[in-house]
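Remarks on the overall topology
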Amino acid sequence: MDLEIVDYDGDGLEDLAISHYTRTNTVSIMNQTREGTMAASTTINTGSVPTFLAAGDYNSDGKADLAVSNRLSNNAGIFTQNPPST
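Structural notes, computed from the coordinates.

The rules we used
- Residues numbered from 1 in each chain as written.
- Predicted model: local features only at pLDDT ≥ 70, side-chain atom pairs only at ≥ 80, totals over all residues.
- Heavy atoms only, no water.
- Pairing = 2+ DSSP bridges.
- Helix = DSSP H or I, 4+ residues; strand = E, 2+ residues; numbered from the N terminus.
- Axes fitted to C-alpha atoms, helices over the stretch in contact; angles between N-to-C directions.
- Contact = heavy atoms within 4.5 Å.
- Buried < 20%, exposed > 50% of the residue type's maximum accessible area, 1.4 Å probe, protein only.
- Core = buried A, V, L, I, M, F, W, Y, C linked by side-chain atoms within 4.5 Å.

All right, on to the sheet that holds strand β1 (residues 3-6) then. Reading across from one edge, β1-β2-β3-β4 is the order of the four strands in this open sheet, with antiparallel pairing throughout. Pairing within the sheet leaves two strands with one partner each, and these edge strands are β1 and β4 (42-45). Strand-to-strand twist of the sheet, defined as the mean angle between neighbouring strand axes without regard to direction, takes the value 20 degrees. With five bridges connecting them, strand β2 (residues 15-20) and strand β3 (residues 26-30) associate as antiparallel partners. From the neighbouring strand, L16 faces β3, where its bridge partner is M30.

Spelled out as structure tokens, the structure:
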């Protein structure tokens, strides 16, 4: 399991990304609310055994994205940010 803190939804609040490699091969994103609590998680399907997470602006759009390394798939995935609609 790995954990990354990043403003993944572009609302100015730090969110939590957690890799789940033991059973589900997914990453959960828990968005922080304005009240300071965490909203229900959103699940991202990854490759086999997502081991490490890294946040960065990988597509140069000024928004945080999430990189996931997948140990058994022997690859990595980049998940770009999708800010909320206004």
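Assignment of secondary structure puts V68 in strand β6 (residues 65-70). Contacts of V68, omitting those with residues within four sequence positions, involve V27, T46, P50, F52, L53, N75, A76, G77 and F79.

So, on to the pairing of β6. Burial analysis of β6 places five of its six residues in the buried class, the great majority of the element. By the bridge criterion, six bridges tie strand β5 (residues 50-56) to β6 in an arrangement that is antiparallel. Note that in β6 the partner of A54 across the bridge is A67. Here β6 folds back onto strand β7 (residues 75-79), and the loop between the two strands holds four residues, one of which, N74, carries a positive phi near 60 degrees.

The biggest cluster of nonpolar side chains holds nine residues, and these are V6, Y8, A17, V27, I29, I44, L53, L66 and V68. Of all elements in the fold, only β3 and β6 reach the threshold of two or more residues within this core. Sequence-distant contacts of L53, defined by excluding residues within four places in its chain, comprise D2, L3, E4, A17, I18, S19, V27, L66, A67 and V68.

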